[in-house]
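# Examining the three-dimensional arrangement
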Amino acid sequence: EQGINRAFDTWGQALTALSGKTRPANDADVSLNQIGYWTDNGAAYYYHMADSMSYEQTLDAVKGDFDRAGIQLGYMQLDSWFYPKGSGAAWDNNGAGIYRYEAAAPPFMSGLSRFQQKLGVPLITHARWIDDSSPYHTLYQMSGNVVTDPAYWETVAGYLATSGVATFEQDWLADKAHTDFNLTDGEAFLDNMAASMGRRHLTMQYCMASARHFLQSSKYSNLTTIRTSCDHLQRDRWTDFLYASRLGSALGAWPFTDNLLSTETSQLLLATLSAGPVGIGDPIGSINGGNLLRAVRRDGVIVKPDAPLTPTDASYSNMAHGTDTPQIAFTWSDFGALRTNYVFAFTQGTNVLAKFSPSDFGMSTPVYVYDYFAGTGQLVDPSDAIQKQISGDALFLVLAPVGPSGIAMVGDTGHFVTMGKKRVTGFTDRGAARVAVTFADGETSRVITGYSPVAPSVVAIDGSIGPVAYDDSTHLFRVPVMAGNSSSATIRIQASGLGVKPPRRR
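Residues numbered from 1 in each chain as written. Predicted model: local features only at pLDDT ≥ 70, side-chain atom pairs only at ≥ 80, totals over all residues. Heavy atoms only, no water.

## Things to note about helix α3 (residues 55-69)
Selection criterion: Strands here mean DSSP runs of E at least two residues long; helices mean DSSP runs of H or I at least four residues long; both are numbered from the N terminus. One fewer than the residue count of a helix, multiplied by 1.5 Å, yields its expected span. Contacts are assigned to residue pairs with any non-hydrogen atoms lying within 4.5 Å of each other.
For α3, built from 15 residues, the straight-helix expectation of 21 Å at 1.5 Å per residue is met to within 8% by its first-to-last C-alpha distance of 21 Å. Looking at the buried residues of α3, the elements they touch are β1 (36-37), β2 (75-78), α4 (112-119), β10 (279-280) and α11 (289-292). One or two positions beyond α3, positive phi appears at G70, with a value near 75°.

Spelled out as structure tokens, the structure:
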């Protein structure tokens, strides 16, 4: 292929076509569509309750935090603490395997279904290996530390479906949750799991997956996500996350960073750019609602790019040759001929200068390069070499193409993904830029930002607009947009001198 990323995509498409997998959209299940709360390793309530509260009270208070922040919680993940483990069938025996796969009492005195109904959001439930003391060894056919018997998976899937569970997470795949080493049992384990979950419309996530599990995921349409990072996303895991994400996304699985804190802006940005799940694990009373609203709408829907953030071809080459250069990764929002690229760069050594050209990302027209955190930008040609110094954790740029109107739409800078389709539902430019914006319940207005060589004329086709602000020095305009009766708005933006190539600013 022409380039490493294209080779990954061609190879992965061939495998999923061979198996007949329907590749999931980036909002295919609740974990991909909305923000969630995680209780796995690294989160505040992993085998731990809030002071003077039960586990049920703790998680109910977490949901209350989201309500107070004015952000709808999409789902709640229950990790390995939720089921009994070891010979004593204790919920808090973290070193043992599953004794029985059902909610332990305590902490769930009224059962999983009653808890979910009271909480009011779907669940994601974790699973590990089967303990040597488990009665499943005599009830079902097993191999190694897992059950291969279809009857077991039918029972588990049925229990989860009636308990308000949306996604089943199989963990420890590369360690203790594995079959005997032969040619049949590994496939039976994963085939029967996927079939039973699929019959009840449950999706799946693989965690601690090895290469064989990434490959196996190409068989299952209901395998939507895969963990491509160690527990609790941190700065030293970014490189591993990006390269594993490239493998997972090639095979039709969206990458998951694992949990992070809402106050960790760089981690939240990376999770949002991954186009996979965004899950936090904050203690009660510490959710940063303003930060989360850069990633999601008020209804909890993630404003994300079309594809996962992956390393550039040049980053692969530089890593292979041991070159001291920053890691550069990219993703995009695609509106036909108008594709907005998002570039994320961070240091891996002493070199703090990120270098690239818009043409590296397939851009062939003039581009407005907007530095998201600085709030400034520059107009360049696609072949121009851009050099940007990385300060802080990372450099984040929005590369907005200049359309026939001479206007470049940066988008809604209130979100990380400024042209994400869960906010900007339509964008065309046929001599005038036309932008459609959608609103969640509780949202009344959004500010749309763009570049124009002169002060633009903006009119509302649907909904309404506020006064247009234009900066003669930066050539950036900002216009407040208000929803119409259909919770959406459409605006038309035009600059004078139509058809004239805009002047270059460097």
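## Examining the sheet that holds β1
Test applied: The pairing criterion for strands is at least two bridges between them, as found by DSSP. Working convention: axes come from line fits to C-alpha atoms, limited for helices to the stretch in contact. Angles between N-to-C directions cover 0 to 180 degrees.
Ordered in space as β9-β8-β7-β6-β3-β2-β1-β10, the 8 strands form an open sheet in which the pairing is parallel. Among the strands making up the open sheet, the edge pair consists of β9 (254-256) and β10. Bridge count between β1 and β2: 2 bridges; the pairing is parallel. By the bridge assignment for β2, Y37 is matched with M76. Against the sheet, α4 engages β2, β3 (123-127) and β6 (165-170), with an angle of about 145° to β3. Across the face of the sheet, helix α7 (residues 185-199) comes into contact with β6 and β7 (203-206) while running at roughly 145° to β7.

## Side note on the pairing of strand β12 (residues 327-335)
As a reminder, the rule being used: Buried, partly exposed and exposed residues are distinguished by accessible area as a fraction of the type maximum, computed with a 1.4 Å probe on protein chains only: under 20%, between the cut-offs, and over 50%, respectively.
When you tally the buried positions in β12, you get 8 out of 9 residues, the bulk of the element. Two elements, strand β11 (residues 310-311) and β12, share 2 bridges in a ladder whose sense is antiparallel. Residue pairing for β12: T310 is matched across the bridge by F330. As defined by bridge partners, β12 adjoins strand β13 (residues 338-346) across 9 bridges and the pair is classed as antiparallel. Residue pairing across strands places T331 opposite Y342, the latter belonging to β13.

## Considering the sheet that holds strand β18 (residues 395-401)
Spatially, β11-β12-β13-β18-β15-β16 is the arrangement adopted by the 6 strands of the open sheet, whose pairing is antiparallel. If you trace the sheet from one side to the other, it starts and ends with β11 and β16 (376-380), each paired once. As judged from the 5 bridges shared by β13 and β18, these two strands associate in the antiparallel manner. By the bridge assignment, V343 is partnered in β18 with L397. Along the sheet, helix α10 (residues 265-273) makes contact with β12, β13 and β18, crossing β13 at roughly 140°.

## Here we look at empty space enclosed by the protein
Rule in force here: The distinction between a cavity and a pocket rests on a 1 Å grid over the protein atoms alone: a 1.4 Å probe fits inside a cavity but cannot get out, while a pocket stays open yet meets protein on both sides within 12 Å along at least five of seven lines, and a residue with an atom within 4 Å of a point counts as lining. Grid points are joined across faces, edges and corners, and a volume is the space filled by probe spheres set on the points. Here the term charged refers only to Asp, Glu, Lys and Arg, the term nonpolar to Ala, Val, Leu, Ile, Met, Phe, Trp, Tyr, Cys and Pro, and the term polar to all other amino acids, Gly among them.
All chains considered together, the criterion is met by 1 cavity of 30 Å³ or more. Size it by volume and the largest cavity reaches roughly 60 Å³. Lining the largest cavity, in full, are I98, A127, R128, I130, V146, V147, Y152, W153, F168, Q170 and F189. Elements with a contribution of two residues or more to the lining of the largest cavity: β5 (146-147), α6 (150-161) and β6. Broken down by class, the residue content of the lining of the largest cavity amounts to 9 nonpolar, 1 polar and 1 charged.

## Regarding the nonpolar core
Here is the rule we go by: Nine residue types can take part in a nonpolar core, namely buried Ala, Val, Leu, Ile, Met, Phe, Trp, Tyr and Cys, and a core is a set of them joined through side-chain atoms within 4.5 Å.
If you look at the biggest cluster of nonpolar residues, it comprises 118 residues, and the most contacted ones within it are F66, M76, L78, Y101 and M409. With 18 residues, the next largest nonpolar core counts V343, F361, L395 and L397 among its residues.

## Points about helix α1 (residues 4-19)
One turn of the α-helix equals 3.6 residues, which is why residues spaced by three or four share an orientation. Applied cut-off: This arc corresponds to the set of directions leading from the helix axis out to the C-beta atoms.
The first and last C-alpha atoms of α1 sit 23 Å apart over 16 residues, in line with the 22 Å expected at 1.5 Å per residue. Every buried residue belonging to α1 is among N5, G12 and T16, and all of these are buried. Projected down its long axis, α1 carries its buried residues within an arc of 40°, all on one side. Opposite the buried face of α1, by more than 90 degrees, sit the exposed residues A17 and L18.

## Topic: the layout of surface pockets
Of the voids in this model, the largest pocket is the one considered here, and its volume is about 880 Å³. Considering the residues around the largest pocket, the lining is formed by 47 residues, among which N5, F330, W332, R339 and F361 are closest to the centre. Secondary-structure elements contributing two or more residues to the lining of the largest pocket are α1, α9 (238-250), α12 (313-320), β12, β13 and β14 (353-356). For the lining of the largest pocket, the residue count by class is 20 nonpolar, 18 polar and 9 charged. A volume near 330 Å³ is recorded for the second largest pocket.

## Remarks on unusual backbone geometry
A cis amide bond links A105 with the next residue in sequence, P106, at an omega value of -5°. Considering the arrangement of structural elements, one finds P106 in the loop between β2 and α4. Residues other than glycine seldom take positive phi values, yet Y47 does so here, at roughly 55°. Within the element layout of this structure, Y47 appears in the loop between β1 and α3. The class for Y47 is buried, based on a relative accessible area of 17%. Unlike most non-glycine residues, M208 shows phi in positive territory, near 55°. Relative to the helices and strands, M208 resides in the loop between β7 and α8 (211-216).

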